[in-house]
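Chain by chain, the residues:
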Amino acid sequence: MDVAGRNIVVTGGGNGIGAALCRAFAKAGAAHVVVSDRDGDAASQIAEEIGGTAIACDVSEESSVQQLVQDSLSVCGHIDVFFSNAGITCKGGLECANEDWQRMWDVNVMSRLYAARAVVPHMLERGEGYLVHTASAAGVLTEIGSASYSVTKHADVAMAEWLSVCYGRQGIRVSCVCPLGVQTGFLDNDDPIHRYLHLHVITPDEVADSVITGMQEEQFLILPHPEVAEYFSMKTDDHDRWIRGMQRLRQKLTREQKKREAA
Ligand SMILES: NC(=O)c1ccc[n+]([C@@H]2O[C@H](COP(=O)([O-])OP(=O)(O)OC[C@H]3O[C@@H](n4cnc5c(N)ncnc54)[C@H](O)[C@@H]3O)[C@@H](O)[C@H]2O)c1
C-alpha cells in the first residue's frame, strides 16, 4: 500500500518512533494523520507540526481505544491504516511485580486486540485496511534484560500473525515492525543490554523509511535492522544452538556489568 492519500492513525505518536512515523506519513502525502498518544501535549505538538489531528488515548483501556477510533472516523471519514505503535518496557525477570507484568500485557498486547476489535469491522465493510504493529526484534528473538518485554512482544507478533491469517483474504493487510535498538527515550544508557543494543542503534527516521518501503511491499515482517532476519533464521534453523549462544551473550554482558560496577 502506498501511504499517499491515506488516512492513518498512529498510537504513541507523540515521541520517538511514532513521531517519526507521523512525520514520514505526512511527508509521503498521507491524506490525514491522527497523532494519538497518552501524552496529549506531545501528540498536539507533532499534529501541529505536520497539519494532523491530535487525539489523546491510553491504549491500555479499551474504552479509550474505541473513542480514538470513533473520533478518528469523525475527523477522517474512514481509517485506511491503524498503526499500533505505543509500547512500554520494564526491566527485570522473575522478581518483577505482577502489577508490572499486567501493565506490560495491557499496553503491549491488549491494546492491539482493542484496536483490531474497534477498527476491523469498518475495514471489512470497506473491503480493505491495514493494521501495523510496532513489535520489536525481542518479539522474534528475546530481550535478555526484560522477561515481560520478551513475552509481550512475542505475543504482539503472534497477534499480528493471527490477524493476517484470519483477515488477509478479506483485504486486511498486516505488518509487524521488529527493530533492534532505536535512538529514543526508550533506550537506557545505564542498562548493559541497552548498551549492547547501541551497537545496532538506528534513528527513528530510519525506522520510518523502512516502514514506508515495507508497507509499499506489504511485507509481514518489516525489519529496519536487516541483521534481525539473519538472527531469526539462525534461531529457527537450530533453536538449541541459538539458546546456547544467547546464554553465552548473557554471561558476557553480566560479567562486563559486574566489572563496570566494581570499577
Ligand atoms: N526504541 C527502541 O529501541 C525500540 C526497539 C524495538 C521496538 N520498540 C518499540 O517501538 C515502540 C515505540 O517506542 P519508542 O522507542 O518510540 O518509545 P518512546 O518512549 O520514545 O515513545 C513511546 C510513546 O508511546 C506513548 N505511550 C506509552 N504508553 C502509552 C499508552 N498506554 N497509551 C498511549 N500512548 C502510550 C508514550 O507517551 C510515548 O509518546 C514501542 O512499541 C517499543 O516497544 C522500540
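Residues numbered from 1 in each chain as written. Predicted model: local features only at pLDDT ≥ 70, side-chain atom pairs only at ≥ 80, totals over all residues.

**Notes on the overall build of the chain**
Line of reasoning, step 1. The helix and strand inventory of the chain stands at nine helices and seven strands.
Line of reasoning, step 2. Taken over C-alpha atoms, the radius of gyration comes to 18 Å for the chain, in line with the 18 Å a tight globule of 263 residues would show.
Line of reasoning, step 3. The principal-axis extent of the C-alpha atoms belonging to the chain is close to 60 × 40 × 35 Å.
Line of reasoning, step 4. Taken across its 263 residues, the chain has 43% of its residues classed as buried.
Line of reasoning, step 5. Across the chain, the fraction of contacts at a sequence separation of at least 24, relative to all contacts at a separation of at least 6, is 66%. (Helix = DSSP H or I, 4+ residues; strand = E, 2+ residues; numbered from the N terminus. Rg over C-alpha atoms; globule rule 2.2 N^0.38 Å. Buried ≥ 20, exposed ≤ 12 C-beta atoms within 10 Å, placed from the backbone. Contact = placed C-beta atoms within 7 Å.)

**So, the nonpolar core**
Note that soluble globular proteins tend to have their nonpolar side chains buried in a common cluster.
Line of reasoning, step 1. Ranked by internal contacts, the top residues of the largest apolar core, which has 68 residues, are Ile8, Leu21, Cys22, Phe25, Val33 and Val35.
Line of reasoning, step 2. Tallying contributions element by element places helix H4 (residues 98-126) first for this core, with nine residues. (Core = buried A, V, L, I, M, F, W, Y, C linked by C-beta atoms within 7 Å.)

**Observations regarding the site of the ligand**
Line of reasoning, step 1. Neighbouring the ligand are 29 residues, the closest being Gly12, Gly16, Gly87, Thr184 and Phe186.
Line of reasoning, step 2. If one sorts the elements of the shell around the ligand by residue count, helix H1 (residues 16-27) sits on top with three residues.
Line of reasoning, step 3. Tallied by class, residues from the shell around the ligand come to 11 nonpolar, 14 polar and four charged. (Near = placed C-beta within 6 Å. Nonpolar A, V, L, I, M, F, W, Y, C, P; charged D, E, K, R; others polar.)

**Structural notes on the environment of threonine 203**
Line of reasoning, step 1. Relative to the elements of secondary structure, threonine 203 occurs in the loop between helix H6 (192-197) and helix H7 (204-216).
Line of reasoning, step 2. On the basis of neighbour count, threonine 203 is assigned to the partly exposed category, with 14 C-beta atoms found within 10 Å.
Line of reasoning, step 3. Between the alpha carbons of threonine 203 and aspartate 41 there is a distance of 23 Å; along the sequence they are 162 residues apart.

**Here we look at the pairing of strand S2 (residues 32-37)**
Line of reasoning, step 1. Burial within S2 is extensive, with six of its six residues counted as buried.
Line of reasoning, step 2. Residues His32, Val34 and Ser36 line one face of S2 and the alternating positions Val33, Val35 and Asp37 line the opposite face, and both faces are buried.
Line of reasoning, step 3. Of the crossover connections in this fold, the one passing from strand S1 (residues 7-10) over H1 to the parallel S2 is right-handed.
Line of reasoning, step 4. Strand direction decides the pairing type here: S2 and strand S3 (residues 53-56), joined by four bridges, are parallel. Its bridge partner lying in S3, aspartate 37 is registered against alanine 56. (Right-handed = clockwise from strand over helix to strand, strands pointing away. Pairing = 2+ DSSP bridges.)

**Looking at helix H5 (residues 147-167)**
Line of reasoning, step 1. The terminal C-alpha atoms of H5, which comprises 21 residues, lie 30 Å apart, in line with the 30 Å expected from a rise of 1.5 Å per residue.
Line of reasoning, step 2. Where H5 is buried, its residues meet H4, strand S5 (129-134) and strand S6 (172-177). (Expected span 1.5 Å × (residues − 1).)

**Some details on the sheet that holds S1**
Line of reasoning, step 1. Strand order in the open sheet made by the seven strands is S3-S2-S1-S4-S5-S6-S7, with parallel pairing throughout. Single-partner strands in this sheet number two, and they are S3 and strand S7 (221-222).

**Brief notes about unusual backbone geometry**
Line of reasoning, step 1. Phi is positive for glutamate 218, which is not a glycine, with a value near 50 degrees.
Line of reasoning, step 2. Within the fold, glutamate 218 resides in the loop between H7 and S7.

**Quick look at H7**
Note that an α-helix has 3.6 residues per turn; residues three or four places apart therefore point the same way.
Line of reasoning, step 1. Taking 1.5 Å as the rise per residue, H7 with 13 residues should run 18 Å; its terminal C-alpha atoms sit 18 Å apart, in good agreement.
Line of reasoning, step 2. Burial in H7 covers these residues: Pro204, Val207, Ala208, Ser210, Val211 and Met215. All buried residues of H7 fall inside an arc of 165 degrees around its axis, so they share one side. In H7, those exposed residues whose orientation departs by more than 90 degrees from the buried face are Thr213 and Gln216.
Line of reasoning, step 3. On its buried face, H7 sits against H1, S5, S6 and S7.
Line of reasoning, step 4. Just beyond H7, the residue with positive phi is glutamate 218, at close to 50 degrees. (Arc of directions from axis to C-beta.)

**Looking at the environment of tyrosine 231**
Line of reasoning, step 1. Summarising the element assignment, tyrosine 231 is placed in helix H8 (residues 227-237).
Line of reasoning, step 2. Classification of tyrosine 231 as partly exposed rests on a count of 17 C-beta atoms within 10 Å.

**What about the packing of H1 against H7?**
Line of reasoning, step 1. Contact geometry of H1 with H7 gives a least axis separation of 8 Å together with a crossing angle of 55 degrees. Accordingly, the angle class assigned to the pair H1 and H7 is oblique. The handedness of the crossing between H1 and H7 comes out as right-handed. Touching Gly16, Ile17, Ala19, Ala20, Leu21 and Ala24 of H1 are Pro204, Asp205, Val207, Ala208, Asp209, Val211 and Ile212, all from H7. (Axes fitted to C-alpha atoms, helices over the stretch in contact; angles between N-to-C directions. Parallel < 35°, antiparallel > 145°, perpendicular 65-115°, else oblique. Left-handed = near helix turned anticlockwise from the far one by under 90°.)

**Observations concerning the environment of glutamine 102**
Line of reasoning, step 1. Positionally, glutamine 102 belongs in helix H4.
Line of reasoning, step 2. With 13 C-beta atoms packed within 10 Å, glutamine 102 lands in the partly exposed category.
Line of reasoning, step 3. Sequence separation of glutamine 102 and threonine 254 is 152 residues, and the distance between their C-alpha atoms is 27 Å.

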